[in-house]
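# Structural description and commentary
Residues per chain are reported as follows:
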Amino acid sequence: MATHFVIDGLKAAIDGKEILKGINLEIKGGEIHAIMGPNGTGKSTLASALMGHPKYEVTEGKALLNGEDLLEMSVDERALAGLFLAMQYPSEIPGVTNSDFLRSALNARLGEGNEISLIKFIRKMEGKMKELEMNPEFAHRYLNEGFSGGEKKRNEILQMMLLDPSIVILDEIDSGLDIDALRIVSQGVNAMRSEDRGFLIITHYQRLLNYITPDFVHVMMQGRIVKSGGPELAERLENEGYDWVKEELGIVDETVGQA
Ligand code: ADP
Ligand code: MG
């Protein structure tokens, strides 16, 4: 089914403080959207609110994936519906091996009564790990425990490849990656580009966008998307920073602020 994702007037608060102040965004299957912006402008909050992190209270708006509102679903239901988030700071889960975690996540994604056999799963996982140039021992390590920053990010991409989601949100997937890891991770994302899948790539730096060419670039400030354009917008931000955007829009403090 052709993917269509619409975020409509999304507002969210943390501990009663409004962080997201009305986000509107439309992502169609086949499209890659990038959200860029300085620190503290609400980018990760958007990702967490969409995924259903309990700390983030959605106060207004909708997030419709093929007509169904994700915001009315549990976290599990959102994953089953095809939403995937690679977090900026993936959690470590001691006691749960990476391969057990991946298999549970995949079975949850497939829905009840559609379990993948252990043999098939292992074959699939090993194939994807090879593509990502991951050491096979990472299958048996505890989830993210003692993984370096770059290893965690590769592992998030491994999850994405196994789960075959319809909407992929990558939050600062480039942070902590050296140039080789950046290339491998980008190849993984590019290989997953399809008409059935939309991407939302959150990044601080333009560098990732040299490897993954976005169709649309959005700038986030003060908990809103304040500017949108094509790939040339990312290039200008790389060359000139964010000050010209602030000047153009009369923004003094780009963060969500203390109010
Ligand atoms: P970005 O990802 O753009 O750097 P964030 O969404 O992480 O920005 O943060 C936006 C604002 O929300 C910041 O002021 C930050 O301190 C606040 N914030 C984000 N997550 C939490 C949290 N779990 N608890 C308290 N404040 C938070
Ligand atoms: Mg962030």
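The structure contained in this document is the topic of the report that follows. (Residues numbered from 1 in each chain as written. Chains lettered and ligands numbered in written order. Predicted model: local features only at pLDDT ≥ 70, side-chain atom pairs only at ≥ 80, totals over all residues. Heavy atoms only, no water.)

### Here we look at the coordination of the magnesium ion (ligand 2)
In an ideal tetrahedron of four donors about a metal, each angle is 109.5 degrees. In an ideal octahedron of six donors, the angles are 90 or 180 degrees. Every protein donor of the magnesium ion (ligand 2) is accounted for by Ser44 (OG) and Gln88 (OE1), and the metal-donor separations fall at 2.1 to 2.3 Å. Residue serine 44 is found in helix 1 (residues 43-51), and its partner glutamine 88 is found in the loop between strand 6 (83-86) and strand 7 (93-97); the two are separated by 44 residues along the sequence. Judged by relative accessible area, which is 24%, serine 44 ranks as partly exposed. (Donors = N, O, S within 2.8 Å, 3.2 Å for Na, K, Ca; no water. Helix = DSSP H or I, 4+ residues; strand = E, 2+ residues; numbered from the N terminus. Buried < 20%, exposed > 50% of the residue type's maximum accessible area, 1.4 Å probe, protein only.)

### Points about the environment of leucine 208
Structurally, leucine 208 is set in the loop between strand 10 (198-203) and strand 11 (216-221). A residue is classified by how much of its surface remains accessible, and leucine 208, at 0% relative accessible area, is buried. Taking the C-alpha atoms as reference, leucine 208 lies 8.8 Å from arginine 183; in sequence the two are 25 residues apart. If we skip the residues at most four places from it in the chain, leucine 208 touches Ile173, Asp174, Leu182, Ser186, Ile201 and Thr203. (Contact = heavy atoms within 4.5 Å.)

### Focus: the sheet that holds strand 10
The strands that make up a sheet pair up through hydrogen bonds in the backbone, lying either parallel or antiparallel. Spatial ordering of the open sheet is given by 6-9-10-3-11-12, a layout of 6 strands whose pairing is mixed. Edge positions in the sheet fall to strand 6 and strand 12 (224-229), since each has one partner strand and no second. Taken pair by pair, the neighbouring strands of this sheet meet at an average axis angle of 20°, ignoring direction. In terms of strand pairing, strand 9 (residues 167-171) meets strand 10 through 5 bridges, oriented parallel. Residue pairing for strand 10: leucine 170 is matched across the bridge by isoleucine 201. (Pairing = 2+ DSSP bridges. Axes fitted to C-alpha atoms, helices over the stretch in contact; angles between N-to-C directions.)

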